[in-house]
Amino acid sequence: MMEDFFILALQFKIMQGIVTKSMGLWYLVEGSDGTSYQCRLKGKFKLENKKISNPVAVGDKVDLIDDEGNKDAKIIATIHPRRNYIIRTSPKKKGHGHIIASNIDLAVIVATVATPRTSLGFIDRFLVTAEAFRIPAMVLCNKIDLLSPEELSGLKEKMKEYENLGYQTAFISALDKKDIESFKKRLSNQTTLISGHSGVGKSTLVNNLIPEADQKTSEISEFSEKGIHTTTFAERFRVADDSYIIDTPGIKELGLAEIESHELSHYFPELRELLGQCKFNNCTHTHEPGCAIASAYEEGEISQSRYDSYLSMLLGDDNRR
Ligand code: GDP
Ligand code: ZN
């Protein structure tokens, strides 16, 4: 593989780039010259991990070479190692994972108190997923214009809990230009993945951040092998110099694909810090005597909603809450 690459490197000029969109066999790659190229893969890429259904993901740093047969296109010759990535169960191949995006600095979940209501359970699942992939996370509360002053202060109170756990929080109305500008500043010099239930205002936010994104029309549809209509392609947009967002249309949630139940407590920061203090080292923190986490919960050091989220994720009864 590497030898192939050096031979190719001698024959063709190499350009680095970042994958901005994946469209089945074709990819859009932004080259280091700032141009967007249609690219395909060189021959058959051997997947390092056979359980992954897509060899190249949005956010991947790649090396491009010229496509001899097509002067407007380029070929992806190598993929640089990923700093991190988010994976979910493949919609197309059972038992396979699909990489949604890679090389992410911050994962944002857009949440709303009402119309629609985002449950704390849903937020916690997102945060657990981000922890598992070691990606910093933010809860972005949208539509605050719909809240009374009392409701807003209640929301801020609840979000303080998340701040104390090490997560970022922000409050905006995606319709308000001023809010968008200050939120944009928080995205400086990083790549931010944006996710959320439909209806929370994600398209409104993305379109305000990047007017040319035009989320409705740029969505790519494809028929999967089973003939089911899916629109689950992530796309990377430039917000400003050196700040990018990755939008994830059609992706309702980032599944807990790779998390085993005995690992779950590691992904709750407030549970993680008590691990090792339970009487039994295989404690599930549900019913066991001498459980440090149950005591902390009884003392009010762990919130009801977070402990509930832990239990429902552990027991697997929180699907589609
Ligand atoms: P998406 O499904 O998450 O992409 O949501 P959309 O961006 O399509 O927004 C859903 C609805 O919520 C639309 O009618 C938007 O105009 C509305 N909306 C989005 N952001 C806000 C907001 O901050 N305040 C209010 N009041 N409505 C909003
Ligand atoms: Zn325990």
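Look up a bit, the structure's there.
This structure is a prediction, so every number in the text was calculated from the model and none was measured. (Residues numbered from 1 in each chain as written. Chains lettered and ligands numbered in written order. Predicted model: local features only at pLDDT ≥ 70, side-chain atom pairs only at ≥ 80, totals over all residues. Heavy atoms only, no water.)

> Quick one: what's the story with the site of ligand 1, residue by residue and with numbers?
Within the structure, ligand 1 sits among 15 residues, and D145, G199, K202, S203 and T204 are positioned closest to it. In the model, a nitrogen atom of ligand 1 is placed 2.8 Å from a nitrogen or oxygen of the D145 side chain. For ligand 1, whose accessible area on its own is 590 Å², the fraction buried by protein is 70%. Considering only residue class, the shell around ligand 1 consists of 4 nonpolar, 8 polar and 3 charged. (Near = heavy atom within 4 Å. Polar contact = N/O pair within 3.5 Å; in protein donor to acceptor, adjacent residues only side chain to side chain. Areas by Shrake-Rupley, 256 points an atom, 1.4 Å probe, with all protein chains shown as cover. Nonpolar A, V, L, I, M, F, W, Y, C, P; charged D, E, K, R; others polar.)

> I'd like a rundown of the coordination of the zinc ion (ligand 2), residues and numbers included.
On the protein side, the zinc ion (ligand 2) has C278 (SG), C283 (SG), H285 (ND1) and C291 (SG) as donor atoms, found 2.1 to 2.4 Å from it. One way to put it: the 4 donor atoms around the zinc ion (ligand 2) meet at angles of 103 to 115 degrees, and that makes the site tetrahedral. Read N to C, the donor residues that coordinate the zinc ion (ligand 2) are spaced as C-x4-C-x1-H-x5-C. Comparing C283 with H285, the two get one shared label, buried. (Donors = N, O, S within 2.8 Å, 3.2 Å for Na, K, Ca; no water. Tetrahedral: all angles 85-135°; square planar, octahedral: opposite > 155°, others 65-115°. Buried < 20%, exposed > 50% of the residue type's maximum accessible area, 1.4 Å probe, protein only.)

> Before we move on, can you summarise the side chain of D63 with the specific residues and values?
In this structure, D63 sits in strand β4 (residues 61-66). For the buried D63, no salt bridge is present, and the opposite-charge side chain at shortest range is K61, 8.0 Å distant. Looking at D63, its side chain comes within polar contact range of the side chain of T78, at 2.6 Å. (Helix = DSSP H or I, 4+ residues; strand = E, 2+ residues; numbered from the N terminus. Lys, Arg positive; Asp, Glu negative; His and termini not counted. Salt bridge = Lys/Arg side-chain N within 4 Å of Asp/Glu carboxyl O.)

> Before we move on, can you summarise the packing of aromatic side chains with the specific residues and values?
Evaluation of the coordinates by the stated rule reveals 4 aromatic pairs. An angle of 25 degrees between the planes, with centres 4.4 Å apart, marks the rings of Y297 and Y307 as stacked. With Y297 in helix α8 (residues 292-298) and Y307 in helix α9 (residues 304-315), this pair connects stretches of sequence that are 10 residues apart. Ring centres of Y307 and Y310 lie 6.4 Å apart, and the angle between their planes is 25 degrees; on these two criteria the pair is classed as stacked. Of this pair, Y307 and Y310 both sit in helix α9, 3 residues apart, roughly one helical turn. Residue class for Y307 comes out buried when judged on its relative accessible area of 6%. Ring-pair connections join several aromatic residues into one group, and the members of that group are F268, Y297, Y307 and Y310. Cation over ring: K74 sits above Y37, and NZ or CZ is 5.1 Å from the ring centre. Of note, K156 hangs over the ring of F171, and the distance from its end group to the ring centre comes to 5.2 Å. (Phe/Tyr/Trp six-rings, centres within 6.5 Å; stacked < 30°, edge-to-face > 60°. Lys NZ or Arg CZ within 6 Å of the ring centre and 35° of its normal.)

> Give a detailed account of the nonpolar core, specifying residues and quantitative values.
Counting 31 residues, the largest nonpolar core has I86, L127, V139 and L193 as its most contacted members. Those elements that place two or more of their residues in this core are β6 (85-89), β7 (97-102), β8 (106-111), α2 (120-132), β9 (137-141) and α3 (149-164). For this core, the leading source of residues is α2, giving 5 residues. Two domains each put at least three residues into this core: domain 1 (2-79) and domain 2 (85-247). (Core = buried A, V, L, I, M, F, W, Y, C linked by side-chain atoms within 4.5 Å. Domains from an automatic or database assignment.)

> How would you sum up the pairing of strand β15 (residues 243-247)? Please name residues and give values.
Burial of β15 is extensive: 5 of the 5 residues sit out of reach of the surface. Judged by which residues are buried, β15 turns out to be covered on both faces: S243, I245 and D247 on one side and Y244 and I246 on the other are all buried. By the bridge criterion, 4 bridges tie strand β11 (residues 191-195) to β15 in an arrangement that is parallel. If you follow L193 over to β15, its bridge partner there is I246. One ladder, built from 5 bridges, connects strand β14 (residues 235-240) with β15; its direction is antiparallel. (Pairing = 2+ DSSP bridges.)

> Give a detailed account of a negative patch on the surface, specifying residues and quantitative values.
On the surface, a cluster of negative charge is contributed by E273, E298, E299 and E301. Mapping E301 onto the fold places it in the loop between α8 and α9. (Patch = residues over 30% accessible without salt bridge, like charges linked within 9 Å, V, L, I, M, F, W, Y side chains within 5 Å. Charge placed at Lys NZ, Arg CZ, Asp CG, Glu CD.)

> Before we move on, could you go through the packing of helix α4 (residues 177-186) against helix α5 (residues 202-209) and cite the residues and values that matter?
Two elements in contact, α4 and α5, have axes whose closest approach is 10 Å; the angle formed by their N-to-C orientations is 80 degrees. Judged by the inter-axis angle, α4 sits roughly perpendicular to α5. Along the contact surface, α4 presents I180, F183 and K184, while α5 presents L205, N208 and L209. (Axes fitted to C-alpha atoms, helices over the stretch in contact; angles between N-to-C directions. Parallel < 35°, antiparallel > 145°, perpendicular 65-115°, else oblique. Contact = heavy atoms within 4.5 Å.)

> I'd like a description of the pattern of salt bridges, backed by residues and values.
Counting across every chain of the model gives 11 salt bridges. In this structure, D60 engages R82 in a salt bridge whose closest nitrogen and oxygen atoms are separated by 2.7 Å. Taken together, the positions of D60 in the loop between β3 (36-41) and β4 and R82 in the loop between β5 (73-79) and β6 put the pair 22 residues apart, joining distant regions of the chain. Since its relative accessible area comes to 0%, D60 is described here as buried. On the accessibility criterion, R82 (28% relative accessible area) is partly exposed. Put simply, D124 and R306 hold a salt bridge, and the shortest N to O gap is 2.8 Å. Of the two residues, D124 sits in helix α2 while R306 sits in helix α9, which places them 182 residues apart along the sequence. Comparing D124 with R306, the two get one shared label, buried. Look at the salt bridges and you will find they share partners, linking D124, E270 and R306 into a network.

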